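Spelled out, the chains give:
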Amino acid sequence: MAHAYTPGLKVTEEMTIQKERRLPLEGEVLVEAGATVKAEDVVAKADLPGNVQLVNVANLLSVPPEEVAEHILKPVGEAVSEDEVIATTKGLFGLFKSQALSPIDGTIESVSDITGQVILREPPIPVEVKAYTDGTVTEVLPNEGVTVETYGTYIQGIFGIGGETIGNLTVVAASSSDALTAEQIKSEHRDNILVGGSLVTTDAIQKAIQNGVKGIIAGGIDDADLRELLGYELGVAITGSEEIGITLVITEGFGEISMAEQTFTLLKAREGMKTSINGATQIRAGVVRPEIVIPFTPDTGASAPAAVDGEKEGILEVGSSVRIIREPYFGKLGRVTELPVELQNLETEAQVRVLRVRLENGEQTTLPRANVEAIEGS
């Protein structure tokens, strides 16, 4: 059978999911291989060095730099408090002393006899890495982190903002074509992850933030609403570090685009389950996709996960589900009906490999293979 390879978004009902949880610098791993963890559990921790503050003691005391060490009241490595005297002169008959005060709580890191400056370091900043999803620790990287493995539903989105968050899944849209509006968001949705249909508006996002909603999954978002929400034009840099009080995962694209029926149906079937989402996105080299992870645990009542054939990932063949990612059919879904081997001429006179797609409305069209993205797991 003819087939091709193309980038794809995973929309998989049941699969093995492995997530590497790594510290930004060496620290302490808190769990052992084989341990069962919850998404909220801290699996590794470290301390980032605090910021430094420079105090020009030579100037404050009016002494030469090489004499500063003689006037320091505490040794290097000693803790100091904000506004504590760290250096002083003897003065005249005990009077008219000059003093240098610490501007921070911290420690004395070094004293320079060349510049006359004292370097103070603020307290270390604790960094904790959580498991992110319920599962089992399958590998421990000493002093760095762990790999957590789980079984469950895994869905990738097109675009997202905000970092990792965890909550129970609540479907508020009646269908995949219904927009998520502010009126649908209630106080009882606090700490939940909400599922909309075709569009999420700025008003709905703001209402969700006010009500303590953890995240929103929707088919589309208007680029003007996104700009209003962030307060700036989003470039091509990676997202995920935004601190707006909520995480968004957009499954289809920009504008009012209905969520793929397969995705909506799958999320509807998982309603009420504990869900982990991450809005981090990078669309240039080193692609990062926003994701939805819904683990199966023994008390969910879900069926046992089936094995997934990893060798088929990225393969496009007749019958494969695809999403069109360029105009004039941007955002539309369909299935591959033919994969011609021969190169074909486009209107631009370029010769490319193409494929035939039957859209959901029954229309048949021929497209360059680069214009589609596989929906894996369908």
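All values reported here derive from a predicted model rather than from experimental measurement.

Calculation rules
Residues numbered from 1 in each chain as written. Predicted model: local features only at pLDDT ≥ 70, side-chain atom pairs only at ≥ 80, totals over all residues. Heavy atoms only, no water. Helix = DSSP H or I, 4+ residues; strand = E, 2+ residues; numbered from the N terminus. Buried < 20%, exposed > 50% of the residue type's maximum accessible area, 1.4 Å probe, protein only. Contact = heavy atoms within 4.5 Å. Areas by Shrake-Rupley, 256 points an atom, 1.4 Å probe, with all protein chains shown as cover. Patch = residues over 30% accessible without salt bridge, like charges linked within 9 Å, V, L, I, M, F, W, Y side chains within 5 Å. Salt bridge = Lys/Arg side-chain N within 4 Å of Asp/Glu carboxyl O. Lys, Arg positive; Asp, Glu negative; His and termini not counted. Charge placed at Lys NZ, Arg CZ, Asp CG, Glu CD. Core = buried A, V, L, I, M, F, W, Y, C linked by side-chain atoms within 4.5 Å. Arc of directions from axis to C-beta.

Asker: Explain the overall build of the chain to me, please; I cannot follow it from the model alone.
Answerer: Scanning the chain from terminus to terminus reveals five helices and 29 strands. When each of the 378 residues of the chain is scored for burial, the buried share is 45%. When contacts within the chain are restricted to residue pairs at least 6 apart in sequence, those whose partners lie at least 24 apart make up 66%. Surface exposure of the chain reaches about 19,100 Å², of which carbon and sulfur atoms provide 49%.

Asker: Just to check I follow, could you spell out a negative patch on the surface for this structure?
Answerer: Among the surface-exposed residues, Glu-66, Glu-67, Glu-70 and Asp-113 lie close enough to one another that they form a single negatively charged patch. Relative to the helices and strands, Glu-66 is located in the loop between helix H1 (57-61) and helix H2 (68-71). Given the relative accessible area of 53%, Glu-66 is considered exposed.

Asker: Whenever I open this one, the nonpolar core confuses me. Can you help?
Answerer: In summary, soluble globular proteins display a tendency toward joint burial of nonpolar side chains. Ranked by size, the top nonpolar core spans 23 residues in total, and within it Ile-161, Val-200, Ile-205, Ile-216, Ile-221, Ile-246 and Leu-248 carry the most contacts. When contributions to this core are tallied by element, the ones reaching two or more residues are strand E15 (159-161), helix H3 (202-210), strand E18 (215-221), helix H4 (223-230) and strand E19 (247-254). Those residues in contact with Ile-216 that lie beyond four places of it in its chain are Leu-180, Leu-194, Val-200, Ile-205, Ala-208, Ile-246, Thr-247, Leu-248, Val-249 and Ile-277. Residues Ala-173, Val-249, Met-259 and Leu-267 belong to the second largest nonpolar core, which totals 21 residues.

Asker: I tried to follow H3 on my own but got confused; where do I start?
Answerer: Residues spaced three or four apart along an α-helix face the same direction, because each turn holds 3.6 residues. Listing the buried residues of H3 in full gives Thr-202, Ala-204, Ile-205 and Ala-208. Summarising the axial view, the buried residues of H3 lie within an arc of 165 degrees, below the 170-degree limit, and thus occupy one face. The outward face of H3, more than 90 degrees from its buried face, is lined by the exposed residues Asp-203 and Gln-210. Looking at the buried side of H3, the elements it contacts are E18, H4 and E19. A positive phi of about 75 degrees marks Gly-212, the residue just after H3.

Asker: Please clarify how unusual backbone geometry should be interpreted in this entry.
Answerer: Positioned with a positive phi, Ser-62 is a non-glycine residue whose angle comes to about 60 degrees. With respect to the secondary-structure elements, Ser-62 resides in the loop between H1 and H2. On the basis of relative accessibility, which here comes to 65%, the residue Ser-62 falls in the exposed class. With phi around 70 degrees, Asp-83 is a residue other than glycine that occupies positive phi space. Relative to the assigned elements, Asp-83 resides in the loop between strand E7 (79-80) and strand E8 (85-88). Classification of Asp-83 by relative accessible area gives exposed; the value is 54%.

Asker: Please explain the pattern of salt bridges as it appears in this structure.
Answerer: Two side chains that carry opposite charge are able to pair once their charged atoms sit near each other. Scanning the entire structure with this criterion turns up 12 salt bridges. Salt-bridge contacts for Glu-13 lead to Arg-270; the nearest nitrogen and oxygen are separated by 3.7 Å. Taken together, the residues Glu-13 in strand E2 (residues 8-22) and Arg-270 in the loop between helix H5 (261-269) and strand E20 (274-278) connect sequence positions 257 residues apart. When its relative accessible area of 43% is taken as the criterion, Glu-13 is described as partly exposed. The class for Arg-270 is buried, based on a relative accessible area of 8%. Measuring nitrogen to oxygen at the nearest pair gives 2.7 Å for the salt bridge that ties Glu-164 to Arg-21. Taken as a pair, Glu-164 in strand E16 (residues 164-171) and Arg-21 in strand E2 lie far apart in primary sequence, 143 residues in all. On the basis of relative accessible area, Glu-164 is assigned to the partly exposed category, the value being 41%. Linked through salt bridges whose partners overlap, the residues forming this network are Glu-20, Arg-22 and Glu-144.

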